[in-house]
Amino acid sequence: MLQKEELLKGIENRECVARVLDQAEQAIKTWEVTQTDFLSPPELADTLTVFKRLTDVELVAWGGYPQAERQRIAIARSDIPIDSASVNVAAVEIAGNFLFDTASHRDFLGAMLGTGIVREKTGDVIVLGERGAQAIVMPEMVEYLEMSLQQVRSVPVQTRRIELSELKIREPKKKEMTTVEASMRLDAVASAGFAMSRSKMADLIDSGDVRVNWKDITQASYNVKSGDLIAVTGKGRLEIGEVAVTKKERYRVQLTRYL
């Protein structure tokens, strides 16, 4: 049996990770591959942190395409080979003429949830502008959405299953840069990476709009490190690369901003 209480110490998304641990125990006992619902980025980060401490199970996370934010996890005994094909996901197209009534990510997600399905059964939603959207879902949800999802905002839509290869994924634009800072404080590094004043970044941090490795951080003085991912609501993401200390004992930081 897994030592759940010990493993869950300090974990924010305890209920979610506890459910995944239950599924891991089932995988160990039955020698079968188990799968979670779709996890949000913070839930996924916490789950991967916990499972790094376990040697008798193997995890694979997949959300339908490489950059997917919401992903399911397949879990198996460590001696059973698994890969992304072990994670069952499906895709649907939500097609309509949105030229005169533009719909947002929230509109499409709201319409899907309005049919009665729960968030855990849906992955990412990819908005295609005036043509509609595509969505990643549990395979068992496809037929239900084909019958039930008939309107988004004021626009009639047709919902149909598509292959994952038909997803219209745009490669994220990225910008490489280097900054030299007196410290590795979150407000200092993030303000440089997102090209805004340090006071403005401090305000965003204070208001809960900044996450580090998908965890909400509300302290501007929080120290970041190489490998951390900083996400700012509406501004994109910033990955911290190599960090070197200069002769003047300042920090030269390689940054990659994803737009």
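Residues numbered from 1 in each chain as written. Predicted model: local features only at pLDDT ≥ 70, side-chain atom pairs only at ≥ 80, totals over all residues. Heavy atoms only, no water.

With respect to unusual backbone geometry
Step number 1: We note that A195 has phi near 55 degrees; this positive angle belongs to a residue other than glycine.
Step number 2: As for its position among the elements, A195 is in the loop between α6 (186–193) and α7 (198–206). (Helix = DSSP H or I, 4+ residues; strand = E, 2+ residues; numbered from the N terminus.)

Considerations on the layout of surface pockets
Empty pockets left among the atoms are what a rolling probe the size of a water molecule brings to light.
Step number 1: Reported here for the largest pocket is a volume of approximately 1,700 Å³.
Step number 2: Forming the boundary of the largest pocket are 45 residues, of which Q67, E69, D124, W214 and R237 lie nearest the centre.
Step number 3: Put simply, the parts of the chain that give the lining of the largest pocket at least two residues each are α3 (41–51), β5 (122–127), β11 (210–212), β13 (229–232) and β14 (236–245).
Step number 4: For the lining of the largest pocket, the element with the highest residue contribution is α3, accounting for five residues.
Step number 5: Considering only residue class, the lining of the largest pocket consists of 20 nonpolar, eleven polar and 14 charged. (1 Å grid on protein atoms, 1.4 Å probe; cavity = no way out; pocket = protein on both sides within 12 Å on 5 of 7 lines; lining within 4 Å. Points joined across faces, edges and corners; volume = space filled by probe spheres on them. Nonpolar A, V, L, I, M, F, W, Y, C, P; charged D, E, K, R; others polar.)

Observations concerning the UniProt feature "domain: RNA-binding S4" (unreviewed entry) in the protein
Step number 1: When the UniProt feature table is mapped to this numbering, "domain: RNA-binding S4" (unreviewed entry) covers residues 184–246.
Step number 2: Helix makes up 27% of residues 184–246 and strand makes up 30%, while its end C-alpha atoms are separated by 13 Å. (UniProt positions renumbered as here; feature names shortened; annotations may be inferred.)

Remarks on the sheet that holds strand β3 (residues 72–77)
Step number 1: Spatial ordering of the open sheet is given by β1-β3-β2, a layout of three strands whose pairing is antiparallel. The open sheet is flanked by β1 (34–35) and β2 (57–62), the only strands paired with a single partner.
Step number 2: Bridge count between β1 and β3: two bridges; the pairing is antiparallel. Residue pairing in the sheet places T34 in a bridge with I75 of β3.
Step number 3: Lying over the sheet, α3 contacts β2 and β3, oriented at roughly 160 degrees with respect to β2. (Pairing = 2+ DSSP bridges. Contact = heavy atoms within 4.5 Å. Axes fitted to C-alpha atoms, helices over the stretch in contact; angles between N-to-C directions.)

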